[in-house]
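The chain contents come next:
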Amino acid sequence: GKPRKEWMALLGEARRRADKAGFLRYALPKAYGGSGGTHLAMAIIREHLAAKGLGLFNDLQNEASVVGNFPFIRMVEEHGNDRQRSEYIPKLADGSMAYAFGLTEP
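Keep in mind that what you see is a predicted model, and the values were worked out from it rather than measured.

Looking at the nonpolar core
By size, the foremost hydrophobic cluster in this structure holds 14 residues, and its most contacted members are Leu-28, Val-66, Val-67, Phe-70 and Ile-73. The set of elements that each furnish at least two residues to this core consists of α2 (39-51), α3 (71-79) and α4 (82-94). At three residues, α4 tops the list of elements feeding residues into this core. Each residue touching Val-66, except ones within four places of it in the same chain, is listed here: Ala-14, Ala-18, Phe-23, Leu-24, Leu-49, Leu-56 and Phe-57.

Some thoughts on the confidence of the model for the protein chain
Considering every residue of the protein chain, the mean pLDDT works out to 86; 97% of them sit at 70 or more. Averaged pLDDT values over the elements of the protein chain bottom out at 72 in strand β1 (residues 58-59) and peak at 92 in α4.

What to know about empty space enclosed by the protein
Tallying each qualifying case throughout the model produces one cavity of 30 Å³ or more. A volume near 40 Å³ is recorded for the largest cavity. What lines the largest cavity is simply Ala-27, Leu-28, His-39, Met-42, Gly-68, Asn-69, Phe-70 and Arg-74. Class assignment for the residues of the lining of the largest cavity results in four nonpolar, three polar and one charged.

Considerations on the environment of Thr-38
Along the chain, Thr-38 turns up in the loop between α1 (5-21) and α2. The exposure class of Thr-38 is partly exposed, given its relative accessible area of 46%. In this structure, the C-alpha to C-alpha distance between Thr-38 and Gln-84, residues 46 residues apart in sequence, is 24 Å. Here Thr-38 is in contact with Tyr-26 and Ala-27, once residues within four sequence places are set aside.

A few points about the environment of Phe-72
Position of Phe-72 relative to the elements: it lies in helix α3. Judged by relative accessible area, Phe-72 falls into the partly exposed class, the value being 21%. Residues Phe-72 and Ala-93 lie 21 residues apart in sequence; the distance between their C-alpha atoms is 9.8 Å. In this structure, Phe-72 is in contact with Leu-92, Tyr-99 and Phe-101, ignoring residues within four places of it in sequence.

What counts, and where the lines are drawn
- Residues numbered from 1 in each chain as written.
- Predicted model: local features only at pLDDT ≥ 70, side-chain atom pairs only at ≥ 80, totals over all residues.
- Heavy atoms only, no water.
- Core = buried A, V, L, I, M, F, W, Y, C linked by side-chain atoms within 4.5 Å.
- Buried < 20%, exposed > 50% of the residue type's maximum accessible area, 1.4 Å probe, protein only.
- Helix = DSSP H or I, 4+ residues; strand = E, 2+ residues; numbered from the N terminus.
- Contact = heavy atoms within 4.5 Å.
- pLDDT = per-residue confidence, 0-100.
- 1 Å grid on protein atoms, 1.4 Å probe; cavity = no way out; pocket = protein on both sides within 12 Å on 5 of 7 lines; lining within 4 Å.
- Points joined across faces, edges and corners; volume = space filled by probe spheres on them.
- Nonpolar A, V, L, I, M, F, W, Y, C, P; charged D, E, K, R; others polar.

Right, here's the structure in full:
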């Protein structure tokens, strides 16, 4: 079902605090406010958090975590043009823009 507004507000606050503490953008390049951490390290941290169960620190059903995964930023960075990079990446990184994309497997 649809998450409650209160839960989404708590996740938003967790995201803001994680960003302020420097955790949220861990795997993003420094140019986008990240730490330049690797995807492997980010995945290991998130797997460790997931093992603790759902909570404000890691709610994978909503793709919310104190250590963010930003696949769309990587897609725009790799395949977007300069206008798309400058328009979308800052908004995606700070959470002011929502997005969706679909994946398929052969």
